[in-house]
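A structural walkthrough
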Amino acid sequence: MRVTVRESVHPWQFGLAVCAVVTPLPPVVASEDGFFALPLVVATTAVLAAPLFLHTRPSSFRRAAGTISALLLPWSLIGSWFGMFAFFPSIPLLLLAAFADPRRHPRAAGVLAAAGLVLAAAVTLLWWGRGYQA
């Protein structure tokens, strides 16, 4: 009897992708005025969450994370007038999520996962700590 095991995305990668989705949200929640265009925030967050639905296909997950981070760079810079600059930290988090697989990169994966966790925590604490006011 032969058992076929389907490889899925490593939990470190999935966690970094979740951090990429959640990290931009504190300034949106803490903002008291209408600086953020809420439909744009919802649409951008939905696109950011796309790799999370590809957790059973590692190659598609990496491709989606890389593509979304490449598209998010100009979007966060151009959309900064509407508060989309809050999504800028998600770019390196998605790239780190694409490569933080200890099965493919055993030595670098731990460093990449730790760097992503530190980045997400630092950005979140910075926004909450300064009482983000847009």
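Summary of the structure given here. Residues take numbers from 1 onward in each chain, read along the sequence in its written order. Reporting of local features is limited, given that this is a predicted model, to residues whose pLDDT is at least 70; pairs of side-chain atoms are given and counted only at 80 or more, and all residues count toward the totals for whole chains, interfaces and linings. To obtain the side-chain values, all non-hydrogen atoms of the structure were used and water was disregarded.

1. Observations concerning the nonpolar core
One broad trend across soluble globular proteins is that nonpolar side chains are buried collectively. Counting residues in each nonpolar core, the largest one holds 29 residues, and the members touching the most others are Leu16, Val41, Leu48, Phe87, Leu93 and Leu94. Among the secondary structure elements, those contributing two or more residues to this core are α1 (11–22), α3 (38–48), α4 (58–78), α5 (90–99) and α6 (106–129). A run of DSSP states H or I qualifies as a helix once it reaches four residues; a run of E qualifies as a strand once it reaches two. Both are numbered from the N-terminal end. For this core, the element with the most residues is α5, which contributes six residues. Whether two residues are in contact is decided by their heavy atoms, any of which lying within 4.5 Å being enough. Once you skip the residues sitting within four places of it in the chain, Phe87 turns out to touch Pro24, Val41, Thr44, Thr45, Leu48, Leu72 and Ser76. Side-chain atoms within 4.5 Å link the members of a nonpolar core, which is a set of buried Ala, Val, Leu, Ile, Met, Phe, Trp, Tyr and Cys residues. Only protein chains enter the calculation, and the probe is 1.4 Å; a residue is then buried if its accessible area is under 20% of its type maximum, exposed if over 50%, and partly exposed in between.

2. Focus on the pattern of salt bridges
We define a salt bridge as a side-chain nitrogen of Lys or Arg found within 4 Å of a carboxyl oxygen belonging to Asp or Glu. One pass over the structure, following the stated rule, counts one salt bridge. The partner of Asp101 in a salt bridge is Arg103, and the shortest N-O contact between them spans 3.0 Å. A relative accessible area of 42% means that Arg103 is categorised as partly exposed.

3. Points about α4
The α-helix winds at 3.6 residues per turn, so residues separated by three or four positions along the chain end up facing the same way. By definition here, a helix of n residues has an expected span of 1.5 Å times n minus one. Here α4 spans 30 Å end to end across 21 residues, near enough to the 30 Å set by a 1.5 Å rise per residue. A maximum bend of about 30 degrees is found in α4 at Leu72, where proline Pro74 lies one to four positions downstream. Those residues of α4 hidden inside the fold are in contact with α1, α3 and α5. Note on bend: the value at a residue is the angle between axes fitted to the seven residues ending there and to the seven starting there.

4. Some words on the side chain of His10
Inspection of the secondary structure assignment puts His10 in the segment before α1. The residues touching His10, leaving out its near neighbours within four places in the chain, are Asp101, Pro102 and Arg103.

5. Points about α3
Turning to α3, its buried residues number three or more, namely Val41, Thr44, Thr45 and Leu48. For α3, the buried positions fall inside an angular range of 100 degrees around the axis, keeping them on one side. Exposed side chains of α3 directed beyond 90 degrees from the buried face belong to Pro39 and Val42. Tucked into the core, α3 has its buried residues touching α1, α2 (25–30), α4 and α5. Note: the arc covers the axis-to-C-beta directions of the helix.

6. Describing the environment of Trp12
Here Trp12 shows up in helix α1. Note on Trp12: relative accessible area 40%, which makes it partly exposed. Along the backbone, Trp12 and Pro102 are 90 residues apart, and their C-alpha atoms lie at a distance of 8.6 Å. What Trp12 contacts, discounting residues up to four positions off in sequence, is Ala100, Pro102, Ala109, Gly110 and Ala113.

7. Topic: the side chain of Ser69
Position of Ser69 relative to the elements: it lies in helix α4. Among the residues examined, Ser69 registers a relative accessible area of 3% and is labelled buried. Residue contacts for Ser69: discarding those within four places in its chain leaves Ile91, Leu94 and Leu95.

The quantities given are spatial measurements derived from coordinates; they are silent on function.
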